[in-house]
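Overview (structure and organization)
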Amino acid sequence: MYNGYHFGNLQIYNPWSILGYAASGKLKSYWVNTSSNSMIKQAMKSADEVFNEGYERLVENGELKTQVRMETSFFEANTTASLWGLLINAGYLTIDKTISFDQNKYIIRIPNQEVQKEFQDLTSYYLKVSDTELSDLFDALIDEEQKSFEIRYQKLLMTLPSYHDLKDENSYHVLFLGMCAWLKNDYKIISNREVGKGRCDIVLQSKDENKTSFVFEFKYIRDNETSQERLQTVAKQAVEQIRDRQYDIEIKGKVVYIGLAHHGKDAAIEWQEK
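A short tour of the structure in this document, coming up. (Residues numbered from 1 in each chain as written. Predicted model: local features only at pLDDT ≥ 70, side-chain atom pairs only at ≥ 80, totals over all residues. Heavy atoms only, no water.)

In this structure, Asn104 takes a positive phi of about 60° despite not being glycine. Mapped onto the secondary structure, Asn104 falls in the loop between strand E4 (94–100) and strand E5 (105–109). By relative accessible area, which is 13% here, Asn104 ends up buried. The backbone of Glu144 shows a phi angle near 60°, a positive value even though the residue is not glycine. One can find Glu144 in the loop between helix H6 (131–142) and helix H7 (146–159). (Helix = DSSP H or I, 4+ residues; strand = E, 2+ residues; numbered from the N terminus. Buried < 20%, exposed > 50% of the residue type's maximum accessible area, 1.4 Å probe, protein only.)

Right, dumping it as C-alpha cells:
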C-alpha cells in the first residue's frame, strides 16, 4: 500500500502514510490528500504525443522504459523527459532501474496502491472525462450489469470533447485502455498481445480466479451513415472473433466476451458469457 519507492539501492515506505496508518489504524490514502495535483494536471495539458503513448504503456504495464530528466523543471524545459521527472519528484512515480545514467534512460513505475488510486484521478483528467463517470462505468462492468454498462459507455462517448478524436478502431481502444487504470489493482491488463490464435484488443484478467475476467474486441464502421442494427451485427462479429481466436485461452474461471462496434459517438455492445 505505501512502499515501493527507490532511493539508490534502498526501497522505502512513504513515511507520512506510515505515520497516518499508525495513528488511525486505517489502511487508506494519506499522502495523496496532503497536496493538490493541479501542477501535474497543468503540465499534462502541454504534453505531446510521445508522452501520451508512454502514459498509455505505463497504465497498461505499471512500468515504462523512457528518458527522464529530473534536474530541470518542466515549466523551464517543456519536454517529455522533464515531465516524467516532474512526476517522479512529486512522488507519483519512482525509478525502478537505471538503464543508462549517461543517457538518462530508466525504467519508471507507479510505486504502490496508494499512488495507483491517485492515477485514477489523473487518468480521468487525461481522458477529459469525470472520475464519477469512469467509476460508475467500471462498477457496472465488475458487477456484470450489462444494461447499465451499455448505457454508461454510450453516455461517456457522448461527453467526450471532440467527435474528430474518434476516427478509427484504435481511438476507442486507446480510450478504453486509459480507463483501465481504474482496475489495475484487481486485474492484469493485456493489450494488443499475441494470445490464442491472434492479437487481442484488451483482456482484463482477474487476479482472483473466483472473479470474472473480461475480453474486449473493438470495431469501427467507416461508412458516412450506418444503422443501429448494423452496429449490433458488427458487435456480434467481434464476439465471434474472440471465440474463434481463443483470446481467453490462458484465463481460468468465468469469462465475459464484449464486442464493441462504433460509428462516431454511436455504439453497440454485444455481451456474451463463455
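We now examine the packing of aromatic side chains. For the coordinates displayed, the defined rule picks out eight aromatic pairs. Arranged with centres 5.9 Å apart and planes meeting at 65°, the rings of Phe149 and Trp271 form a pair that is edge-to-face. Taken together, the residues span a long stretch of sequence, with Phe149 in helix H7 and Trp271 in strand E12 (residues 266–273) at a distance of 122 residues. Assessed through its relative accessible area of 10%, Trp271 is described here as buried. When the ring of Phe214 is compared with that of Trp271, the centres are 6.3 Å apart and the planes differ by 65°; the resulting orientation is edge-to-face. Of this pair, Phe214 sits in strand E10 (residues 213–220) while Trp271 sits in strand E12; the two residues are 57 residues apart in sequence, bridging distant segments of the chain. In this structure, Phe214 and Trp271 share a single accessibility class: buried. An aromatic cluster is built from Phe149, Tyr153, Tyr187, Phe214 and Trp271, whose rings are joined through pairwise contacts. (Phe/Tyr/Trp six-rings, centres within 6.5 Å; stacked < 30°, edge-to-face > 60°.)

One recurring pattern in soluble globular proteins: nonpolar side chains tend to sit buried together. Of all hydrophobic cores here, the largest spans 57 residues; its most connected members are Phe176 and Phe216. If sequence neighbours within four positions are ignored, Phe216 has contacts with Leu141, Phe149, Phe176, Asp201, Ile202, Leu204, Ile242, Ile258 and Leu260. If you look at the next biggest cluster of nonpolar residues, it comprises eleven residues, including Ile190, Val195, Val239 and Val255. (Core = buried A, V, L, I, M, F, W, Y, C linked by side-chain atoms within 4.5 Å. Contact = heavy atoms within 4.5 Å.)

Pairing in this open sheet of five strands is mixed, and the strands run E6-E9-E10-E11-E12 from one edge to the other. A strand with exactly one partner marks an edge of an open sheet, and here the two such strands are strand E6 (187–191) and E12. The average angle at which neighbouring strand axes cross in this sheet is 15°, direction not considered. In terms of strand pairing, strand E11 (residues 255–263) meets E12 through eight bridges, oriented antiparallel. Of the residues in E12, the one forming a bridge with Ala261 is Ala268. Each of E6, strand E9 (202–206), E10, E11 and E12 touches H6; the most contacted strand, E10, lies at about 120° to it. (Pairing = 2+ DSSP bridges. Axes fitted to C-alpha atoms, helices over the stretch in contact; angles between N-to-C directions.)

Our focus in this paragraph is the pattern of salt bridges. All chains considered together, the criterion is met by seven salt bridges. Among the ionic pairs, Asp248 bridges to Lys274, the shortest N-O distance being 3.3 Å. Of this pair, Asp248 sits in the loop between helix H9 (228–245) and E11 while Lys274 sits in the segment after E12, and the two are 26 residues apart along the sequence. What makes Asp248 buried here is its relative accessible area of 5%. Under the relative-accessibility criterion, Lys274 is labelled exposed at 57%. The network of salt bridges with common partners includes Glu144, Lys254 and Glu273. (Salt bridge = Lys/Arg side-chain N within 4 Å of Asp/Glu carboxyl O.)

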